[in-house]
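Listed below are the residues making up each chain.
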Amino acid sequence: ALFSLSLFAILGLVRPAAIAIADDAKPAGKTDGKKEPWKSEDFIYSDAVGQYKVSPDGKWLAWTKSAGDKDKDGRIANLYLSSLTGDAHEIALTRGTEMNMQPKWSPDGERLAFFSSRARPKAKPDTAGMQLWLINAHGGEAWPLTDLAHSPKQAEWLDKDTIVFSAPEDPALYEMEMKKKKDDSDVIDDADHEPPVRLYKVNVKDGKITRLTTNSDWIEQFEISHDGKYVVASHAKSLHYAFDQKVHPVVVIHSLTGGEDKQVFSDLRIRPEGFQWAFDNSGFYMGTPFSTDA
């Protein structure tokens, strides 16, 4: 069967443009010039860089560096800044043995939002491990922005004071009862009790969170239009689509200005893989795998 990556463009879009940078990985071993066969430890504890984000003024590159940690028996990741003005200046924004990842620049270039597993000061008892944090791009200590029972999935800046993020809804009665019973079993594909993943916005000044969607399914990925009026999102309609390919995800354009939501590609058999709005907000591009298999 043939397999390729197709690109859909809607609303009259003509020519996509994308830049992809592959992650680098370097084996942890001898550097004396001798060639030695790779061992499993070389792969597990190798360094890797990725998640590159250029600042709005084009002068800085935010990125993550991850590495294996033998003491922790897992991987850790930290954020870095590299100058793009030619002076080879590099700054470590975070340090330690936690996961700090997915940096996103604020529109004014003053702050970076990111996800971190570091302990949140005065966290609630049911706070999830991964939360949304902020840090000043010029340096200083990071501070937490969310204190959610379920870890957020994705975060994007709407404007310099607002971040839109996706996250599972707060625990329902069933989930709270299971916690009271100390039942920590994880039932796979339990759609009846899996909380929906919705969109929210949080004010970075006071931390106030507002729900933006009331969908009953699970938002997987989204992208905000450049004018801040719309969000295009892929919604999973089944928790086991990756295994049976039966109930396909849907693509929905959500209005952030009070208009009606609109489902697109309703009669196409596709699986969305990333969105990118055109600069004039006339439409968006979307990648999707294509196979000749029935």
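Residues numbered from 1 in each chain as written. Predicted model: local features only at pLDDT ≥ 70, side-chain atom pairs only at ≥ 80, totals over all residues. Heavy atoms only, no water.

Draft legend 1. Focus on the side chain of N78. Position of N78 relative to the elements: it lies in strand 5 (residues 74–83). One polar contact links N78 to T94, side chain to side chain, over a distance of 2.8 Å. In this structure the side chain of N78 is engaged in a polar contact, spanning 3.2 Å, whose partner is the side chain of N100. If sequence neighbours within four positions are ignored, N78 has contacts with W63, T64, K65, T94, R95, G96 and N100. (Helix = DSSP H or I, 4+ residues; strand = E, 2+ residues; numbered from the N terminus. Polar contact = N/O pair within 3.5 Å; in protein donor to acceptor, adjacent residues only side chain to side chain. Contact = heavy atoms within 4.5 Å.)

Draft legend 2. Expanded view of the pattern of salt bridges. For the structure shown, the criterion picks out ten salt bridges. Between D147 and R120 there is a salt bridge, with the nearest N and O atoms lying 3.8 Å from each other. On the criterion of sequence distance, the pair formed by D147 in the loop between strand 10 (143–144) and strand 11 (154–159) and R120 in the loop between strand 8 (111–116) and strand 9 (131–136) is long-range, its members being 27 residues apart. With a relative accessible area of 21%, R120 lands in the partly exposed category. (Salt bridge = Lys/Arg side-chain N within 4 Å of Asp/Glu carboxyl O. Buried < 20%, exposed > 50% of the residue type's maximum accessible area, 1.4 Å probe, protein only.)

Draft legend 3. Region of the structure containing the nonpolar core. Ranked by size, the top nonpolar core spans 16 residues in total, and within it L132, L134, L145, I163 and F165 carry the most contacts. Elements with a contribution of two residues or more to this core: strand 8, strand 9, strand 11, strand 12 (162–168) and strand 13 (197–203). If one sorts the elements of this core by residue count, strand 12 sits on top with three residues. The residues touching L134, leaving out its near neighbours within four places in the chain, are L112, A113, F114, A142, W143, L145, W157, I163 and V204. Membership of the second largest hydrophobic core comes to eleven residues, among which are L79, L81, L93 and A142. (Core = buried A, V, L, I, M, F, W, Y, C linked by side-chain atoms within 4.5 Å.)

Draft legend 4. Quick peek at the environment of W60. By the secondary structure assignment, W60 is in strand 4 (residues 60–69). Taking the relative accessible area as the measure of exposure, W60 reaches 24% and is therefore partly exposed. Contact partners of W60, with chain neighbours within four places excluded, come to K53, V54, S55, L81, S82, S83, L84, H89, I91 and W105.

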